[in-house]
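What follows is each chain in one-letter form.
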Amino acid sequence: MTHDTSNKKILLSGIKSTGRPHIGNYFGAMKQYVDLQGNEYDSRICIVDFHSLTSIHDGEILSQYTLDLAIDFLAIGLDPKLVTIFKQSDVPELMELTWIFNCITTMPYLMRAHAFKDAEAKNKEINVGVFDYPMLMAADILIHNAEIVPVGKDQKQHVEFARDTAEKFNRIFCKTEGLSDEEAEKLNLFKLPEAYIVSDVETVPGIDGQKMSKSYNNHIPLFSEDADITRLVMSIVTDSGASLDANDPMAGIPANVFNIHKLFIGNSDLIAAGKTYLESEETLREFYKSTGGKYKPLKDALAADLIAFITPLRVRRAEIAKDTDAVRTMLAQNGAIIREKVHHLVADVRRKVGFVV
Ligand code: TYM
């Protein structure tokens with residue numbers, strides 16, 4: 001990695017390697033990594049395999065998913081000259097920071113986490129890793145002193161937990177009480193991170209209209225084959241919006257199809273290929289209304305647009321996947337780079353908590 005990252009704000013985000021990413025991951029988060037890469041941020045994108053271990057208990061599978069995700073990141077257009085793609089398990093200092101955060105966090109606080117509450121409501125057997133997940137994620141973000149964290153809405157609470165944890169650590173160990181903001185700023189070890197959430201895509205719906213998620217099995221994988229795309233689109237649950245008032249702009253529009261189609265509004269490649277209905281939400285709605293409530297032509301159009309969007313990604317991915325050794329080398333080198341970058345902060349944390357005698 002040769003790009004100059006000095007004095008730039010740090011952008012950090014991560015994705016679990018628990019299977020193939022879907023278009024909810026892409027539009028909700030991964031696309032933002034690509035859109036924000038460039039000169040403004042020191043961008044660090046992490047495959048959070050420590051987190052993946054909360055649900056994947058097969059070493060070969062986890063390792064394959066992690067490699068696959070690194071290839072996916074390159075295939076969607078992340079430029080390794082502009083973004084440091086690395087894996088979490090190459091930064092063992094995260095375990096140390098997680099432990100330190102555990103020791104200043106209460107159980108009732110972690111019990112408020114949505115992910116934990118959902119698992120509990122479903123009567124799932126919850127491992128300690130799932131319970132402690134937010135503290136590892138706080139460590140992920142804070143170890144970099146990241147200021148911007150692009151995520152979908154479902155991760156908002158986790159970023160807030162990271163902020164709370166930063167504040168708590170600063171208050172307890174940096175002894176800034178009673179000082180002015182300016183004085184405190186100099187002493188505080190951790191910056192307060194902000195979630196970066198794009199409202200139009202904060203919760204991408206799946207084929208049943210609920211949030212798209214692997215665990216709901218309502219997802220469209222990002223690198224799907226054409227036949228799978230068509231099959232999944234044809235199985236979108238349709239509701240004509242007949243219950244809506246005639247003046248409602250969504251009246252007569254099958255919302256589940258439309259809401260996935262909306263993801264492609266403004267896609268210049270598709271518009272250039274003649275899909276002018278994708279110019280705006282208005283034009284897309286007119287296109288939907290023009291079919292007089294028939295689902296089939298709309299689903300055909302959505303499937304064709306998804307295929308046109310996904311095909312080049314799949315082609316690029318196949319090309320990158322020919323040289324997995326190069327991807328492994330990139331991960332190993334970047335892991336070492338990140339360790340080096342976080343070293344100073346970890347040393348300061350160790351001093352503050354009293355591990356240096
Ligand atoms: P994960 O792996 O579940 O999801 C990766 C990213 O995809 C977003 N996402 C969605 N966005 C919109 N609509 C959807 N249907 C949808 N489904 C998923 C997620 O919000 C996320 O941004 N805990 C995180 C991983 C993580 C992390 C981090 C993120 C670990 N450490 C540090 C940021 C910073 C997770 O499980 O994401």
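Relevant structure appears above.
A brief look at the structure comes next. (Residues numbered from 1 in each chain as written. Predicted model: local features only at pLDDT ≥ 70, side-chain atom pairs only at ≥ 80, totals over all residues. Heavy atoms only, no water.)

### A short note on the overall build of the protein
Consideration 1: Helix and strand counts for the protein stand at 15 helices and 5 strands.
Consideration 2: Its C-alpha radius of gyration of 22 Å places the protein within 12% of the 21 Å reference for a compact globule of 357 residues.
Consideration 3: Along the first, second and third principal axes, the C-alpha atoms of the protein reach 75 × 45 × 40 Å.
Consideration 4: Looking at the protein residue by residue over its 357 residues, the buried ones come to 48%.
Consideration 5: Expressed as a percentage of contacts within the protein between residues at least 6 apart in sequence, the contacts between residues at least 24 apart total 77%.
Consideration 6: Taking the 40 positively charged and 50 negatively charged side chains of the protein as two groups, their mean positions are separated by 1 Å. (Helix = DSSP H or I, 4+ residues; strand = E, 2+ residues; numbered from the N terminus. Rg over C-alpha atoms; globule rule 2.2 N^0.38 Å. Buried < 20%, exposed > 50% of the residue type's maximum accessible area, 1.4 Å probe, protein only. Contact = heavy atoms within 4.5 Å. Lys, Arg positive; Asp, Glu negative; His and termini not counted. Charge placed at Lys NZ, Arg CZ, Asp CG, Glu CD.)

### Here we look at the site of the ligand
Consideration 1: The environment of the ligand is made up of 27 residues, and the closest members are Lys16, Tyr133, Asp140, Asp154 and Val204.
Consideration 2: Taking tyrosine 133, its side chain carries an N or O atom lying 2.6 Å from an oxygen atom of the ligand.
Consideration 3: Glycine 152 has a polar backbone atom sitting 2.9 Å from an oxygen atom of the ligand.
Consideration 4: Counting only elements with at least two residues in the shell around the ligand, the list comes to strand S1 (9–15), helix H1 (23–36) and helix H7 (128–142).
Consideration 5: Considering only residue class, the shell around the ligand consists of 12 nonpolar, 10 polar and 5 charged. (Near = heavy atom within 4 Å. Polar contact = N/O pair within 3.5 Å; in protein donor to acceptor, adjacent residues only side chain to side chain. Nonpolar A, V, L, I, M, F, W, Y, C, P; charged D, E, K, R; others polar.)

### Some details on the pairing of S1
In the case of a regular strand, side chains alternate between the two sheet surfaces.
Consideration 1: With respect to burial, S1 is a largely interior element, 5 of its 7 residues being buried.
Consideration 2: Handedness of the crossover joining S1 and strand S2 (residues 41–47) through H1 is recorded here as right-handed. (Right-handed = clockwise from strand over helix to strand, strands pointing away.)

### Quick look at a negative patch on the surface
Consideration 1: There is a patch of like negative charges on the surface, built from Asp181, Glu182, Glu183 and Glu185.
Consideration 2: Glutamate 182 gets classed as exposed once you look at its relative accessible area, which sits at 64%. (Patch = residues over 30% accessible without salt bridge, like charges linked within 9 Å, V, L, I, M, F, W, Y side chains within 5 Å. Areas by Shrake-Rupley, 256 points an atom, 1.4 Å probe, with all protein chains shown as cover. Salt bridge = Lys/Arg side-chain N within 4 Å of Asp/Glu carboxyl O.)

### Regarding empty space enclosed by the protein
Consideration 1: Overall, the coordinates contain 1 cavity of 30 Å³ or more when judged by the stated rule.
Consideration 2: Contributing to the lining of the largest cavity are Glu93, Glu96, Leu97, Ile100, Val346, Val349 and Arg350.
Consideration 3: Contributions of two or more residues to the lining of the largest cavity are made by helix H4 (93–102) and helix H15 (324–353).
Consideration 4: For the lining of the largest cavity, the element with the highest residue contribution is H4, accounting for 4 residues.
Consideration 5: Split into classes, the residues belonging to the lining of the largest cavity amount to 4 nonpolar, no polar and 3 charged. (1 Å grid on protein atoms, 1.4 Å probe; cavity = no way out; pocket = protein on both sides within 12 Å on 5 of 7 lines; lining within 4 Å. Points joined across faces, edges and corners; volume = space filled by probe spheres on them.)

### Observations concerning the nonpolar core
Consideration 1: With 62 residues, the main nonpolar core has Ile23, Phe27, Phe73, Leu78, Leu222, Phe264 and Leu306 as its most contacted residues.
Consideration 2: Element by element, the count of residues in this core is highest for helix H14 (residues 295–320), at 10 residues.
Consideration 3: In terms of domain composition, this core takes at least three residues from each of domain 1 (9–203 + 324–353) and domain 2 (223–318).
Consideration 4: Filtering out sequence-adjacent residues up to four positions away, phenylalanine 73 remains in contact with Ile15, Met30, Tyr33, Ile45, Ile47, Leu78 and Ile85. (Core = buried A, V, L, I, M, F, W, Y, C linked by side-chain atoms within 4.5 Å. Domains from an automatic or database assignment.)

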